[in-house]
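# A look at the structure
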Amino acid sequence: MNRLAIIGAGGHGKVVADAAQAAGWVDIHFFDSAWPVKSNNGHWPVVGNTQHYIEKMNLYDGVVIAIGVCETRETEFQTIKAAGGQIINIIHPKATLSPFARIGIGVVVFAGAVINVDAVIGNNCIINTAATIDHDCVLKDSIHVAPGAHISGNVTIGYGSWIGVGATVRQGVRIGEHVVVGAGAVVVKDIPNYITVVGNPAKLLSI
Ligand SMILES: CC(C)(COP(=O)(O)OP(=O)(O)OC[C@H]1O[C@@H](n2cnc3c(N)ncnc32)[C@H](O)[C@@H]1OP(=O)(O)O)[C@@H](O)C(=O)NCCC(=O)NCCS
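Structure report, in brief. (Residues numbered from 1 in each chain as written. Predicted model: local features only at pLDDT ≥ 70, side-chain atom pairs only at ≥ 80, totals over all residues. Heavy atoms only, no water.)

## Quick word on the sheet that holds strand 12 (residues 126–127)
Here eight strands make up an open sheet; going across it, the order is 6-9-12-15-18-21-23-24 and the pairing mixed. Both edges of this open sheet fall to strand 6 (90–91) and strand 24 (203–204), since each of them pairs with a single strand only. (Pairing = 2+ DSSP bridges. Helix = DSSP H or I, 4+ residues; strand = E, 2+ residues; numbered from the N terminus.)

If you want it as structure tokens, here you go:
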């Protein structure tokens, strides 16, 4: 475990780098379209853009996509995967994962997060700081569960959905694809695809 590439040099990327360092990665380089204007991301250098990573991927022992926006993260994930990049998971050593949980590739799990028994997490997901995913949940690909959100048991979440900071989801609820659950929302009923809900109980955000 030596040299890690991180695609996406924003604030989320810094937390990924910090978790990676805690997990034992020693040489961490960012790649971002803001390079060369942006030459570092906090404590770590930005050394090129995604194309540069692809050209130099043999120099890296792993790569992870660190972009909070689910659609953009998915696009980069597919680009890196098609190019043959060695996409890995970053699990902070202070996260708690049941040995009976299953997780895909390109997943990041931050400090204080818990993934409980028989939960299934798809590829390219973010389980952010102190978020909890309880027993038997099924999360599809490219989902972001923001800090401090709590997903009760037997919940399913569709592709590309974003569960906001501090949100709570009642057990057994089915959340569709590309759903946004607002910060602090309490979801007590199923949510169809492509909508944003807020509040307690969570209701459609009308704009
Ligand atoms: C739900 C959300 C996506 C809406 O964003 P937006 O489309 O930019 O909406 P706006 O901020 O313009 O707000 C629109 C209305 O919804 C209300 N609203 C926004 N977010 C809300 C929330 N989480 N709960 C309750 N009401 C909310 C606003 O007060 C506003 O009401 P008004 O029209 O009566 O003034 C956003 O507010 C949110 O909660 N994002 C999650 C943030 C998060 O989890 N960040 C973690 C990063 S790791």
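## Notes on the site of the ligand
Taken together, His144, Ala146, Pro147, Trp162, Gly164, Val165, Val180, Gly182, Ala183, Thr196, Val198 and Leu205 are the residues near the ligand. Here an oxygen atom of the ligand and a backbone polar atom of Ala183 are 2.8 Å apart. A total of 910 Å² of accessible area belongs to the ligand in isolation, and the protein chains cover 41% of it. When grouped by side-chain class, the residues that make up the shell around the ligand number eight nonpolar, four polar and no charged. (Near = heavy atom within 4 Å. Polar contact = N/O pair within 3.5 Å; in protein donor to acceptor, adjacent residues only side chain to side chain. Areas by Shrake-Rupley, 256 points an atom, 1.4 Å probe, with all protein chains shown as cover. Nonpolar A, V, L, I, M, F, W, Y, C, P; charged D, E, K, R; others polar.)

## With respect to the sheet that holds strand 20 (residues 174–175)
As summarised here, the arrangement of the five strands in space is 8-11-14-17-20, forming an open sheet in which the pairing is parallel. Edge positions in the sheet fall to strand 8 (102–103) and strand 20, since each has one partner strand and no second. As paired elements, strand 14 (residues 138–139) and strand 17 (residues 156–157) share two bridges and run parallel to each other. Paired with Leu139 across the two strands is Ile157, which belongs to strand 17.

## Some words on the nonpolar core
Across soluble globular proteins, nonpolar side chains have a tendency to be buried as a group. Formed by 32 residues in total, the largest nonpolar core has its most connected members in Ile127, Ile133, Val145, Ile163 and Ile175. Filtering out sequence-adjacent residues up to four positions away, Val145 remains in contact with Ile126, Ile127, Asn128, Ala131, Ile133, Leu139, Ile151 and Ile163. With 19 residues, the next largest nonpolar core counts Ile6, Val16, Ala20 and Ile126 among its residues. (Core = buried A, V, L, I, M, F, W, Y, C linked by side-chain atoms within 4.5 Å. Buried < 20%, exposed > 50% of the residue type's maximum accessible area, 1.4 Å probe, protein only. Contact = heavy atoms within 4.5 Å.)

## Some words on the side chain of Glu76
Mapping Glu76 onto the fold places it in helix 3 (residues 70–83). Salt bridges are absent for the buried Glu76, whose nearest opposite-charge side chain, Arg73, sits at 11 Å. Sequence-distant contacts of Glu76, that is, excluding residues within four places in its chain, are made with Ile7, Thr50, Ile65 and Ile67. (Lys, Arg positive; Asp, Glu negative; His and termini not counted. Salt bridge = Lys/Arg side-chain N within 4 Å of Asp/Glu carboxyl O.)

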